[in-house]
Amino acid sequence: MLGFLFFVLLSLICYFSVYLRKKDVLHPLGVLPAVWFLMAGVACLQIGDFQKQWCLETTIIIVISGMACYFFAVPGKGRTSCEGQVSSMFSIVTRIVFFCCLAVILYNLYRNSFFTNGLVLEAADKKTANMQYTQMNGRLASYAASYMPYCALNSVFELTYPPKEGRKWAYHLFVIVFAVWFAWSVSYSRGTLLVMILGTLYIYHARYHIRLVPLILAGGALLLLLGALMMLRIGEGSLVFGGATQNALINSVYNYIAYCFQNLDAIVRDGSQHGGFLYVWQSIYKLLGQFDESRLSHYQTLFYNAETFLAPFYQDLGIVGVIVYPSLVAMALSWFYQRSKQNIYAVLLLANLQKAIFTAFFGNYFITALSVMFPYLVTAGICLVSYKCKDIAVHGLFVKKAHKVCVLRIGGGKRFGKSVQQGNHPCI
């Protein structure tokens, strides 16, 4: 119980110190350490059937990694809404990417006879039972499937910051509905739904500002939705629903939190492998043909394989890794947050990272395998192209036109000419 109270107190201090300073209920560096410490506190209740007491080193690295994220929330000012529009190039590129992903996914499902065979609805794990029909075969299909929820975020973002041509509701509704159907009926993925729900929440908040009480209510609704999906995917006989309470839903939620930290403790007890960059950057080793799986350590994970976002950091660099890597993550989040005040595309990048921020207790979705980072890289490329093309093709024309008007009116008032020279143009 003392561990629970300690971590909950740390969570409240981290969140409200950032909230009171920044006036932003979804500040990424307020949410990340707050959720991290809160989940650690819940895990400390030790009500799971297979839980063990953490070793001292595990507790220490949980604390210092969370504080490493928190300290980067101090510099800079709080949230200010950035009014703007996405460029026409953003609309074009995102449509090309979506239809490419759609074609690959539909072709893959067709090859697996997904549309002609009934799905297995009575199974302990429906995702595993229907794997032969829903599995994405090949790297291209896997990447297309992984980016589908981010296509939905692109549509939500364009609806929130519409281009000058206006909103194309039919297209965006089709993208969103297909992405939700894919997550609910094909992949049975709570993570995919989280990408869309949390990303949408952040995009809306960046433009219109959500208050604390509605955010708490939205969080409760989200937990109910994820619980419903869990009950849909997993049968009643699964170990996921076992635990100290009589409520299967409470047991499943607690187990998903607690055993992630339990697995982290198993890694810490086993000791860091000091793999250098083997765990965090293993995709690069694989691309170079130098990946040696025998160098990876193996440990008992019971019926969960999740191990918090610290696991690869600790396995590569030990105690140094759980300080350096979370600090790098916090620096990146802080930089995106500051940029989002002037550049709306930074809002989309932060929306892409919301699942990683809220589920750091479950796994590493920041710096990890290429399959996980692929959507971030694609979105970053889309934002870069859209921003640069807007700057050259549209913003440049605006400057020229403004300059011409300034010359014509230079005798009528220096104030207008001065404002143009200072570059007071709309946020892009």
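The preceding data block contains the structure.
Residues numbered from 1 in each chain as written. Predicted model: local features only at pLDDT ≥ 70, side-chain atom pairs only at ≥ 80, totals over all residues. Heavy atoms only, no water.

(A) Broad picture of the overall build of the protein. Per the secondary structure count, the protein includes 18 helices and zero strands. Across the 428 residues in the protein, those meeting the buried criterion constitute 50%. When contacts within the protein are restricted to residue pairs at least 6 apart in sequence, long-range pairs at least 24 apart make up 77% of them. (Helix = DSSP H or I, 4+ residues; strand = E, 2+ residues; numbered from the N terminus. Buried < 20%, exposed > 50% of the residue type's maximum accessible area, 1.4 Å probe, protein only. Contact = heavy atoms within 4.5 Å.)

(B) Looking closely at the side chain of H172. If you trace the backbone, H172 turns up in helix α8 (residues 169–186). Excluding its chain neighbours within four sequence positions, the residues that come into contact with H172 are R95, S155, E158 and L159.

(C) Structural detail: the pattern of salt bridges. Within this structure, the stated rule accounts for two salt bridges. Ionic pairing is found between R95 and E158, a salt bridge with its closest N-O pair at 3.3 Å. In this pair, R95 sits in helix α4 (residues 88–111) while E158 sits in helix α7 (residues 139–160), placing the two residues 63 residues apart along the sequence. When sorted by exposure, R95 lands in the same class as E158, which is buried. (Salt bridge = Lys/Arg side-chain N within 4 Å of Asp/Glu carboxyl O.)

(D) Structural detail: helix α9 (residues 190–208). Over its 19 residues, α9 extends 26 Å from the first C-alpha to the last, a length consistent with the 27 Å expected when each residue adds 1.5 Å. Counting buried positions along α9 yields 14 of 19 residues, so the element is predominantly enclosed. Count one or two residues on from α9 and you reach H209, which has phi positive near 70°. (Expected span 1.5 Å × (residues − 1).)

(E) Local environment of the nonpolar core. Residues W36, M148, F157, F261, L333 and F366 are the most contacted members of the largest nonpolar core, which totals 100 residues. Broken down by element, the residue count for this core peaks at eleven residues, all from helix α2 (residues 28–43). Setting aside residues no more than four positions away along its own chain, F366 makes contact with L32, F309, V329, L333, A356, I357, M373 and Y376. (Core = buried A, V, L, I, M, F, W, Y, C linked by side-chain atoms within 4.5 Å.)

(F) Molecular detail of a nonpolar patch on the surface. Taken together, the side chains of L56, I60, I319, V320, I323, V324, L328 and M331 make up a nonpolar region of the molecular surface, amounting to roughly 680 Å² of accessible area. Breaking the nonpolar patch down by element, the ones donating at least two residues are α3 (56–70) and α14 (321–339). Here the nonpolar patch takes four residues from α14, the largest share from any one element. Locating V320 in the fold gives a position in the loop between α13 (311–317) and α14. (Patch = residues over 30% accessible without salt bridge, like charges linked within 9 Å, V, L, I, M, F, W, Y side chains within 5 Å. Areas by Shrake-Rupley, 256 points an atom, 1.4 Å probe, with all protein chains shown as cover.)

(G) Expanded view of helix α1 (residues 2–22). With 21 residues, α1 should reach 30 Å at 1.5 Å per residue; the first-to-last C-alpha distance of 30 Å fits that figure. Considered for burial, the residues of α1 that qualify are F7, V8, L10, S11, C14, Y15, V18 and K22. Considered in projection along α1, the buried side chains sweep an arc of 155° and stay on one side of the axis. Residues of α1 that are exposed and angled more than 90 degrees away from the buried face: L2, L20 and R21. (Arc of directions from axis to C-beta.)

(H) Up close: the environment of D316. In this fold, D316 is placed in helix α13. For D316, a relative accessible area of 1% corresponds to the buried category.

(I) Examining the state of the cysteines more closely. What the rule picks out here adds up to zero disulfides. Free of any disulfide, C100 has its nearest neighbouring cysteine sulfur in C101, separated by 7.0 Å. (Disulfide = S-S within 2.5 Å.)

(J) Geometry of unusual backbone geometry. Even without being glycine, K23 reaches a positive phi, approximately 60°. Mapped onto the secondary structure, K23 falls in the loop between α1 and α2. Relative accessible area serves as the criterion here: at 60%, K23 is assigned to the exposed category. Not every positive phi belongs to a glycine, and T308 is a case in point at roughly 65°. Here T308 shows up in the loop between α12 (282–287) and α13.

(K) Local environment of the packing of aromatic side chains. For the structure on display, the rule yields 31 aromatic pairs. Plain terms: the ring middles of F16 and Y19 are 6.3 Å apart, the flat faces sit at 85° to each other, and that makes the pair edge-to-face. On the criterion of helical spacing, the pair formed by F16 and Y19 is a turn pair, its members being three residues apart in helix α1. Put simply, the rings of F6, F7, W36, F37, W54, F261, F309, F313, Y325 and F366 touch in pairs and so form one group of aromatic residues. Lying over the aromatic face of Y365, K355 brings its terminal NZ or CZ to 4.2 Å of the ring centre. (Phe/Tyr/Trp six-rings, centres within 6.5 Å; stacked < 30°, edge-to-face > 60°. Lys NZ or Arg CZ within 6 Å of the ring centre and 35° of its normal.)

(L) Representation of the environment of A206. Within the secondary structure, A206 is located in helix α9. With a relative accessible area of 1%, A206 lands in the buried category. Sequence separation between A206 and L350 is 144 residues, and the spatial gap between their C-alpha atoms is 9.9 Å.

(M) How the structure looks around the packing of α8 against α9. As a packed pair, α8 and α9 sit with axes 8 Å apart at the nearest point and diverge in direction by 150°. On the basis of the axis angle, α8 is roughly antiparallel to α9. Remark: the crossing between α8 and α9 carries left-handed chirality. Only T192, L193 and M196 of α9 make contact with α8, whose side of the interface consists of A179, V180, A183 and W184. In the contact of α8 with α9, the residues fall into six nonpolar, one polar and no charged. (Axes fitted to C-alpha atoms, helices over the stretch in contact; angles between N-to-C directions. Parallel < 35°, antiparallel > 145°, perpendicular 65-115°, else oblique. Left-handed = near helix turned anticlockwise from the far one by under 90°. Nonpolar A, V, L, I, M, F, W, Y, C, P; charged D, E, K, R; others polar.)

By themselves, these observations are geometric and do not establish any function.
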